[in-house]
Every structure is written in structure tokens, then in C-alpha cells.
Amino acid sequence: MEKLTADDAFELGNQFRDAAIALRDWRIDNRGSLSRSQWDELDEREITLLNTASSLYTGAIGLILRDSQASLARLQSSVENAKSTIKHIAKFKQALDLASALVLFAGAVTSGNAAGIPAAIVALEDAASAIVNSAGSESS
Amino acid sequence: MARILRTTGITGRTRLLLSVLFLAIGASGCASFKEVTAFASLSGNAAGYQALTRDYVGALERRKQYQPPKFHGELEALTMRREAQRSSLDVLQQTVADYMQGLGSLASGEIRTFDRSLKDLSASLNEATLLDRNEKQAVGALSTLLARSVTALYRQHEMKKLIRDGNQPLQEVMKATRKIIKSGIIPDLRVESAMAGRYYDNFMLAPDNPVEPVAIALGKEAKAEALGRIESRIQGAQRYDAVLEKIAAGHQYLYDNRDMLGNDELGRQFKQHISELRAAYRNLLDVAR
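What you see as residue numbers is a count from 1 along each chain, following the sequence as written. Each chain is given a letter, starting from A, and each ligand a number, starting from 1, according to the order in which they appear as written. For this predicted model, a pLDDT threshold of at least 70 governs which residues receive local features, and a threshold of 80 or more governs which side-chain atom pairs are given and counted, while totals over whole chains, interfaces and linings are taken from all residues. Excluded from the side-chain calculations are hydrogens and water; all other atoms, namely the structure's heavy atoms, are used.

A few points about the overall build of chain B
Consideration 1: Across its full length, chain B carries nine helices and zero strands.
Consideration 2: Starting at the N terminus and walking to the C terminus, you meet the elements of chain B as α-α-α-α-α-α-α-α-α.
Consideration 3: The rule is simple: take the accessible area with a 1.4 Å probe, protein chains only, and divide by the maximum for that residue type; under 20% is buried, over 50% is exposed, in between is partly exposed. Within chain B, the fraction of its 289 residues that count as buried is 49%. Elements are defined by DSSP. Helices are runs of H or I of four residues or more, strands are runs of E of two residues or more, and each kind is numbered from the N terminus.

Structure (C-alpha cells):
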């Protein structure tokens, strides 16, 4: 016989639970004709059925947890990537701060500070290249 | 853009370089991810419902009071099996919450931190005595725009990648969690309800028990209270399942429309998903309190 699947176990659990409830209904409907010991004996059978249902649900949940490990690992890997990306943004911002500072330099250049012009342009080119390269390598 | 550059007096290679950079990033320059931020933040909070695991593992201990001592050993063994599942169940919830936190961080992009550095830039500009007032304003505006645009482009790209790679495992994890709730935890709580019901019925209806009206009334009251507590747990699980359904649907929508991230139209359409998730979460909080 093949092993129970999670769905089989859930369904069996439901059946045991419903059987226990049906037995209880019968026991109450027929209580006038039952002795105390018969009543107690049936009650214990019901308890056993209900506990068995719980045991089956526990087993089925274990099967689902086991089967979901691969998806869970992939999702955790995505989370790790997101965290690493966020760290990268912090570095990226430093590059942007540099670019912003260079625009400020460009402003200074327009004010007639001729000595600073070549250095400002080279620095701005470097900063822009770093940004473009960074975006390019991320999209590849 | 050209006007800003002209105003600042930036010319030649610098101007060309800036123009090209702006053209490259212009498409996403004004992108807003506030709906994604809201969805991720709400999902991150709603995904963690610790009562679910706590109730599931603690169920057998609660049921001892409804069963003769001869069954207690069996209940303790079952508790141990559930204890072994506790961390896996918690990880399912925590991973979804972590994922949403990551998505939310990308969407929000820590703009406040960045704007602080731009404020420093403004301060530096004010100290740049060689620039006149208009030039300072233009250079400041240009820097802010540049910085925000490039950050938005980068965030948009990373969000797309995260949503694309994360959707399938996220949907599978959500599906597994929802199955555990709907097919395992809720039916198990119905077992608890049957167990408690029979305990109080025995107390009131067992053969040879003397008919004591006061005792019967107390028994009915205690039964209603016990069943009410279990019903609250069932409702909590059902409403948590509804929350997960909304999170899964919202993320699927983002995945299906990931190429429109940052687009205002997507933001408007996505608001409906956020509203539904918020309503489901509010319902959960109503029973979780």
C-alpha cells in the first residue's frame, strides 16, 4: 500500500472527527437506554477517534512542511538578494552624492574658476561612468 | 532641462554629459513606489500571526482538561510532534514577512537619508559665494533631480528583479501555509470543539447523573464559553487565511504588471489590492485582540 499523502491524511482526519461526532449524537439520543458503563465506554471511543483525527492532521501538516522546503529556500534566497541590494543602494548613494557635489563644482566652473574646469569634467565623467556601469551590470 | 543647464551656465562636454545622463534616466525619474511601499509594509505586518502556531502547538495541553488522565500520555506525545513543527511553521510566516520587508525597503528607498545629504548640498551651495541666487537654485534643483532619478531607476530595476524571482516561491509558500490552515489547523480546532462539547454534555446528560437545574445551567454556560473561545480561534485562523489570500493576489498582480512599476496608472489600479488587504488585516485584528 502506498504512503498517505497530505490530502489523504486530512480527509481521513475529517472522517474520524465526523464519526466521533455522529457517535456522540447517537449516545445522547439513546442515553435513556444506556448504562453508565456503556455511556463511558462509547465516550472513550469518541475520545480516541478525536485524538486520532488530531494525530492525522499533525502528520499531514508535517508532510506539507517537508514539501514546501524547496520553495521556502528559494524565497529565503530572494530575501537575501533584496537585503544585499539594499546595502548596494547605500554605496550607490555615495556615488550619487559625489555626482551631486560635482554638479556643484560645475556651478563653480561657470563662475569663472578656470583652474577647476578640467578636473571637474573628468570627475563628472568618472562618476557618470560608474553610475552607468553599475546600472548596466545589474541589468545583465 | 536644457533651460536649467543654460541657467547654470553649464556648457560643452559637461552639459552634454548631463543631458545624456538625464535622457537615460528620465523615463523613471518621477517614478513613485508609494503603493508598493504601502502594500509591502502592510503585508509584512499582517503576515506574522504568531497566535496561529501558538494555538496549534498548545492545543493538546488545552484538551487535557476534557479527557480522562489515561489519554494524557497520548496528548503529550502529540504535543512533542507539534513542537518539532513549530520552528518550520514560524519560518513560513517569517519568510513572507522578511520578503515583504525587503520589497518595502527597496520601494521606499530610504529617501529621507538621501534627502539629508541633499540638504548638505544646499548648505554648500549657500556657501558658494561665486554663484548668484538663481544659479544656486538651479544647480541645487539639478542635483536633487539627478540624484533622485538615478536612485529611482536603480530601485525600479531591483524591485522588478525581486518580484520576478520571488513570485513563484512566494506563491508556493503562501499556498502551503493556507493549506495547513484550511485543511489542518481549522479542522483540528473543530476536533477541539467536539471534544469540549462532549465533555460538557457528559457533565449534564450522563446516565445516573442527578438532574440539578442550577448545575445544568452552569454547565450550559461553561460549554458556551468554552465553545466561544474555540470559535474565536477558528475565526482568527480563517481571517488570517483571508489576509494571506490578499497578499498572494496583490503580489501576483505586481508580478503580472512588473514592467509598469513606477507608473502612476499601475499605482492607481493597485490601490484596490491595498484596500482589500487592509480590510482583511483589520478583520484579523478584530479577533486577534
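Re the overall build of chain A
Consideration 1: Within chain A, the regular secondary structure consists of four helices and zero strands.
Consideration 2: When the elements of chain A are put in sequence order from the N terminus, they spell out α-α-α-α.
Consideration 3: Within chain A, the fraction of its 140 residues that count as buried is 40%.
Consideration 4: Any two residues having at least one pair of non-hydrogen atoms within 4.5 Å are treated as being in contact. Across chain A, the fraction of contacts at a sequence separation of at least 24, relative to all contacts at a separation of at least 6, is 64%.
Consideration 5: Each accessible area is a Shrake-Rupley result for a 1.4 Å probe, and residues are judged covered by the shown protein chains and nothing else. Put simply, chain A shows about 7,200 Å² of open surface, and 56% of that area lies on carbon and sulfur atoms.

Examining the packing of helix 3 (residues 34–47) of chain B against helix 9 (residues 264–288) of chain B
Residue and element names in this part refer to chain B.
Consideration 1: Only C-alpha atoms enter the line fits that serve as axes; for helices the fit covers just the stretch in contact. Angles between N-to-C directions range over 0 to 180 degrees. Relative to each other, helix 3 and helix 9 sit at 20 degrees, their axes nearing to 10 Å. One element, helix 3, and the other, helix 9, form an angle in the roughly parallel class. Handedness of the helix 3/helix 9 crossing: left-handed. For the pair helix 3 and helix 9, contact is made by Glu35, Val36, Ala38, Phe39, Leu42, Ser43, Asn45 and Ala46 and by Gly267, Phe270, Lys271, Ile274, Leu277, Arg278, Tyr281 and Leu284, respectively.
Consideration 2: Along the lines of polarity and charge, the residues of the contact of helix 3 with helix 9 split into 10 nonpolar, three polar and three charged. Note on angle classes: values under 35 degrees are labelled roughly parallel, values over 145 roughly antiparallel, values of 65 to 115 roughly perpendicular, and the remainder oblique. By definition, turning the near helix anticlockwise from the far helix through less than a right angle yields a left-handed crossing, and turning it clockwise yields a right-handed one. Only Asp, Glu, Lys and Arg are considered charged, only Ala, Val, Leu, Ile, Met, Phe, Trp, Tyr, Cys and Pro nonpolar, and every remaining residue, Gly among them, polar.

Considering the packing of aromatic side chains
Consideration 1: A pair of aromatic rings is counted whenever rings of Phe, Tyr or Trp (Trp by its six-membered ring) have centres within 6.5 Å, and the orientation is called stacked for planes under 30 degrees apart, edge-to-face for over 60 and tilted otherwise. By the definition in use, this model includes seven aromatic pairs over all chains.
Consideration 2: Taking 6.2 Å as the distance between ring centres and 65 degrees as the angle between the ring planes, the aromatic pair formed by B:Tyr66 and B:Tyr200 counts as edge-to-face. Placement of the pair is B:Tyr66 in the loop between helix 4 (50–63) and helix 5 (72–108) and B:Tyr200 in helix 7 (residues 133–205), with a sequence separation of 134 residues. Residues B:Tyr66 and B:Tyr200 agree in their burial class; the two are buried.
Consideration 3: One aromatic cluster is present, formed by B:Phe39, B:Tyr253 and B:Phe270 through successive ring pairs.
Consideration 4: Over a ring means this: the NZ of a Lys or the CZ of an Arg is within 6 Å of the ring centre and within 35 degrees of the ring normal. A cation over an aromatic ring shows up here: A:Arg27 above the ring of A:Trp39, its NZ or CZ 4.3 Å from the ring centre.
Consideration 5: The positively charged end of B:Arg258 is found above the aromatic ring belonging to B:Tyr255, 4.3 Å away from the centroid.

Notes on helix 9 of chain B
All names here are of chain B.
Consideration 1: Helix span is expected to be 1.5 Å times the residue number reduced by one. Compared with the 36 Å implied by 1.5 Å per residue over 25 residues, the 35 Å span of helix 9 between its first and last C-alpha is a close match.
Consideration 2: Of all the bends in helix 9, the greatest measures close to 30 degrees and is centred on phenylalanine 270.
Consideration 3: Within helix 9 the residues assigned to the buried category are Leu266, Gly267, Phe270, His273, Ile274, Leu277, Ala280, Tyr281 and Leu284.
Consideration 4: Residues of helix 9 that are buried in the fold lie against helix 3 and helix 8 (213–256). Take the seven residues that end at a residue and the seven that start at it, fit an axis to each, and the angle between those axes is the bend at that residue.

Brief notes about the nonpolar core
Consideration 1: Grouping buried Ala, Val, Leu, Ile, Met, Phe, Trp, Tyr and Cys residues that are joined through side-chain atoms within 4.5 Å yields what is termed a nonpolar core. B:Tyr99, B:Leu103 and B:Ile247 are the most contacted members of the largest nonpolar core, which has 78 residues in total.
Consideration 2: Ranked by residues supplied to this core, first place goes to helix 7 of chain B with 18 residues.
Consideration 3: The contact partners of B:Tyr99, leaving out residues within four places of it in the chain, are A:Leu75, A:Ser78, A:Val79, B:Leu162, B:Ile163, B:Gly166, B:Leu170 and B:His251.
Consideration 4: Listed in part, the five residues of the second largest apolar core include A:Ile28, A:Leu34, A:Leu42 and B:Ala206.

Section: the confidence of the model for chain B
Residues and elements named next belong to chain B.
Consideration 1: Confidence along chain B averages 82 in pLDDT terms, with 74% of residues attaining 70 or more.
Consideration 2: As a per-residue quantity, pLDDT reports the predictor's confidence and falls between 0 and 100. Helix 1 (residues 2–8) is the least confidently modelled element of chain B, averaging 46 in pLDDT, while helix 8 averages 95, the highest of any element.
Consideration 3: Taken together, the stretch residues 23–30 has pLDDT below 50 and engages in nine contacts with residues farther than four places along the chain or on a different chain.
Consideration 4: Ignoring residues within four places in sequence, the model shows residues 111–115, a span with pLDDT below 50, making nine contacts including any to other chains.
Consideration 5: At the level of chain-chain contacts, confidence expressed as ipTM amounts to 0.77, with global pTM at 0.77.

What to know about the packing of helix 5 of chain B against helix 8 of chain B
In a packed pair of helices, the relevant descriptors are the angle between the two axes and the axis-to-axis distance.
All names here are of chain B.
Consideration 1: Between helix 5 and helix 8, whose axes approach to 13 Å, the crossing angle comes to 40 degrees. Overall, the two elements helix 5 and helix 8 adopt an arrangement that is oblique. Relative to helix 8, helix 5 is oriented so that their crossing is left-handed. Along its contact with helix 5, which presents Gln93, Tyr99, Met100 and Leu103, the element helix 8 presents Tyr240, Ile247, His251 and Leu254.
Consideration 2: Residues belonging to the contact of helix 5 with helix 8 are distributed by class as follows: six nonpolar, two polar and no charged.

Concerning the pattern of salt bridges
Consideration 1: A carboxyl oxygen of Asp or Glu within 4 Å of a side-chain nitrogen of Lys or Arg is what we treat as a salt bridge. One pass over the structure, following the stated rule, counts 26 salt bridges over all chains.
Consideration 2: As a salt-bridge pair, A:Asp67 and A:Arg66 come within 3.4 Å of each other at their nearest N and O atoms.
Consideration 3: Overall, the relative accessible area of 53% leaves A:Asp67 in the exposed class.
Consideration 4: One continuous salt-bridge network, built from bridges that share partners, spans B:Asp55, B:Arg62, B:Arg63, B:Arg82, B:Asp188, B:Glu192 and B:Arg233.

Details of the side chain of B:Arg63
Consideration 1: Mapped onto the fold, B:Arg63 is located in helix 4.
Consideration 2: Using a relative accessible area of 0% as the deciding quantity, one classes B:Arg63 as buried.
Consideration 3: Every residue in contact with B:Arg63, bar those within four places of it in the chain, is listed here: A:Ser54, B:Leu75, B:Asp188, B:Leu189, B:Val191 and B:Glu192.

What about the side chain of A:Thr58?
Consideration 1: For A:Thr58, the position within the fold is in helix 2 (residues 36–67).
Consideration 2: What A:Thr58 contacts, discounting residues up to four positions off in sequence, is B:Tyr56, B:Leu78, B:Arg81, B:Arg82 and B:Gln85.

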